[in-house]
Each structure stands twice: as C-alpha cells, then as structure tokens.
Amino acid sequence: VQLQASGGGLVLAGGSLRLSCAASGRTFNMYGMGWFRQAPGKEREFVAAISWDGGSTHYADSVQGRFTISRDNAENTVWLQMNSLKAEDTAIYFCAADWQGDPIVDVGTTSSAYDFWGQGTQVTVSS
C-alpha cells in the first residue's frame, strides 16, 4: 500500500483544516488507518485511528472533540477533519495503514502497529 497525505497548510488558531490520505492498491478495505503527528524536537504521537470498516474510531485525548477521522473504502481515502486548531497542533501529520487480516482485532493506536506510512504533510497553526 502506498499512501499520499495532503491538505496541510498554515491556519490561524481556531481555524480548521481537512487532511486527506489517498491509498493505492486493491486491499485498502483490509487496513485500519491512522493519523500520527510529529512536532519539532518531539516524538511521533498518535492522533486518531479508524478500523477497516469505519466501525471503530480512536482519538488522542488532546484532539478528542476537535478532530474527526473518516474513510471511504470506495475512494481509497481517509480524512482527518481538524477544527478549533491550536498552536500546539503544529506538526507534520502522517497517515499510516495497519493490516487487519483478522477483522476482530481493533485498529492500533501505537506506531508499531502500522505497516505502511505516507510522507507527511505540514500543519502550522499560528496564534
């Protein structure tokens, strides 16, 4: 699976952005999808994840209620809608794919669970 993230940019605090992650390949619906971010000088951290069928979602406490992850398996795309952005949301955002060969197993929330990564898209929130 190849992943291409887009939609990043510069936004004022309180504003919104919508990130997209387009996936190649025919097995997109077998992967849980996640978003992670990495700020300068910090480790990569989990942001949000969605199961292969969209039936399960998870969010980091820091974005709960502000960010929404969604997916469309027909379009091989996952989105991250980010509202009420804060300066601390500034980071490079990465999408990633977690193989869910067993649909009973939930999508992962740690980076080690993910098999494929996109190249990242920069989000800068100005205060």
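Owing to the predicted nature of the structure, the values given are computational and were not obtained by experimental measurement. The written sequence of each chain sets the order in which its residues are numbered from 1. It should be noted that, the model being predicted, local features are given only for residues of pLDDT at least 70 and side-chain atom pairs only at 80 or more, the latter also being counted only at that level, while totals for whole chains, interfaces and linings use all residues. The side-chain figures draw on all heavy atoms in the structure; neither hydrogens nor water molecules are used.

Draft legend 1. Representation of the sheet that holds strand S7 (residues 67-72) within the structure. With antiparallel pairing, the 4 strands of this open sheet are ordered in space as S1-S3-S8-S7. Of all the strands in the sheet, the pair left with one neighbour each is strand S1 (3-6) and S7. Strand-to-strand twist of the sheet, defined as the mean angle between neighbouring strand axes without regard to direction, takes the value 15°. As defined by bridge partners, strand S3 (residues 17-23) adjoins strand S8 (residues 77-82) across 6 bridges and the pair is classed as antiparallel. Pairing of Leu-19 across the sheet is with Leu-80, part of S8. Pairs of strands are assigned from DSSP output, requiring at least two bridges between the strands. The helix and strand labels rest on DSSP assignments: H or I over at least four residues marks a helix, E over at least two residues marks a strand, and numbering proceeds from the N terminus. Axis definition: a line fitted to C-alpha atoms, limited for helices to the stretch in contact. Angles are taken between N-to-C directions and run from 0 to 180 degrees.

Draft legend 2. Fine view of the packing of aromatic side chains. Two rings belonging to Phe, Tyr or Trp (six-membered ring only in the last case) form a pair when the distance between their centres is within 6.5 Å. Interplanar angles under 30 degrees mark stacking, angles over 60 mark edge-to-face geometry, and anything in between is tilted. Applying the stated rule across the entire model yields 6 aromatic pairs. Here Tyr-31 and Trp-99 contribute two aromatic rings whose centre-to-centre distance is 5.2 Å and whose plane-to-plane angle is 70°, an arrangement assigned as edge-to-face. Placement of Tyr-31 in strand S4 (residues 31-38) and of Trp-99 in strand S9 (residues 91-99) is noted, with a sequence separation of 68 residues between them. Three or more aromatic residues link up through ring pairs in this structure, and these residues are Phe-36, Phe-46, Tyr-114 and Trp-117. The cationic tip of Arg-44 hangs over the ring face of Trp-117; the distance from NZ or CZ to the ring centre is 4.6 Å. The criterion for a charge sitting over a ring is simple: Lys NZ or Arg CZ within 6 Å of the ring centre, and within 35 degrees of the ring normal. Across from the ring centre of Phe-28, 4.4 Å away, lies the NZ or CZ of Arg-71, which sits over that ring.

Draft legend 3. Layout of the pattern of salt bridges. We count a salt bridge whenever a side-chain nitrogen from Lys or Arg sits within 4 Å of a carboxyl oxygen from Asp or Glu. Applying the stated rule across the entire model yields 3 salt bridges. Between Asp-89 and Arg-37 there is a salt bridge; the shortest N-O distance is 2.9 Å. Residue Asp-89 is located in the loop between S8 and S9, and its partner Arg-37 is located in strand S4; the two are separated by 52 residues in the primary sequence. Burial here depends on accessible area, computed with a 1.4 Å probe over protein chains only, as a share of the maximum for the residue type. Under 20% is buried, over 50% is exposed, and the range in between is partly exposed. The exposure class of Arg-37 is buried, given its relative accessible area of 5%. As a salt-bridge pair, Arg-66 and Asp-89 come within 2.8 Å of each other at their nearest N and O atoms. Pair noted here: Arg-66 is in the loop between strand S6 (57-59) and S7 and Asp-89 is in the loop between S8 and S9, with a separation of 23 residues, a long-range link. Considered together, Arg-66 and Asp-89 belong to a single accessibility category, that of buried residues.

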